[in-house]
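These are the residues of each chain, in order.
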Amino acid sequence: VTDQELERAKAQLTSRLLMARESPLVRAEQAAGQMLLFGRLFSAREIAEGVEAVAAADIRAFGEATIASAACVGAALGPARARAAPERFHRSLFN
């Protein structure tokens, strides 16, 4: 991930999360998820600061840990000839 890609992703995620809070339904869904996962609600500022705090090294570490644990799952949708795609993808990661 380049610095430019990371900054673009942060800006997009932050704006999407904050603009979504304008909808009462989305605010309720976010609040329910936060309470279930974290036991508390996060302010808009906390969300923006959390997104801004992510570094390229964090993304790399997460990807490496996910792949190393073999905890990732893939799926392929499409015509029958695509059935082999998940197996090829898995082999490319773990073999």
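Residues numbered from 1 in each chain as written. Predicted model: local features only at pLDDT ≥ 70, side-chain atom pairs only at ≥ 80, totals over all residues. Heavy atoms only, no water.

(A) Summary view of the overall build of the protein chain. Within the protein chain one finds five helices and zero strands. Order of helices (α) and strands (β) in the protein chain, N terminus to C terminus: α-α-α-α-α. For a compact globule of 95 residues, the expected C-alpha radius of gyration is about 12 Å, and the protein chain comes in at 18 Å, more than 25% above that figure. Judged by the C-alpha coordinates and their principal axes, the protein chain covers about 45 × 30 × 25 Å. The buried share of the protein chain, reckoned over its 95 residues, is 8%. (Helix = DSSP H or I, 4+ residues; strand = E, 2+ residues; numbered from the N terminus. Rg over C-alpha atoms; globule rule 2.2 N^0.38 Å. Buried < 20%, exposed > 50% of the residue type's maximum accessible area, 1.4 Å probe, protein only.)

(B) The arrangement of the pattern of salt bridges in detail. Going through the model one piece at a time under the given rule, you end up with four salt bridges. Of the charged contacts in the structure, one is a salt bridge between K10 and E52, with a shortest N-O distance of 3.8 Å. Of this pair, K10 sits in helix 1 (residues 3–20) while E52 sits in helix 3 (residues 44–52), placing them 42 residues apart in sequence. What makes E52 partly exposed here is its relative accessible area of 46%. With a closest N to O distance of 3.9 Å, R45 and E49 form a salt bridge. Placement of the pair is R45 and E49 together in helix 3, with a separation of four residues, close to one helical turn. One network of salt bridges, with partners in common, ties together E7, K10 and E52. (Salt bridge = Lys/Arg side-chain N within 4 Å of Asp/Glu carboxyl O.)

(C) Seen up close, the packing of aromatic side chains. Taken as a whole and assessed by the stated rule, the structure comprises one aromatic pair. On the numbers, 5.1 Å between centres and 90° between planes, the contact of F38 with F42 is edge-to-face. (Phe/Tyr/Trp six-rings, centres within 6.5 Å; stacked < 30°, edge-to-face > 60°.)

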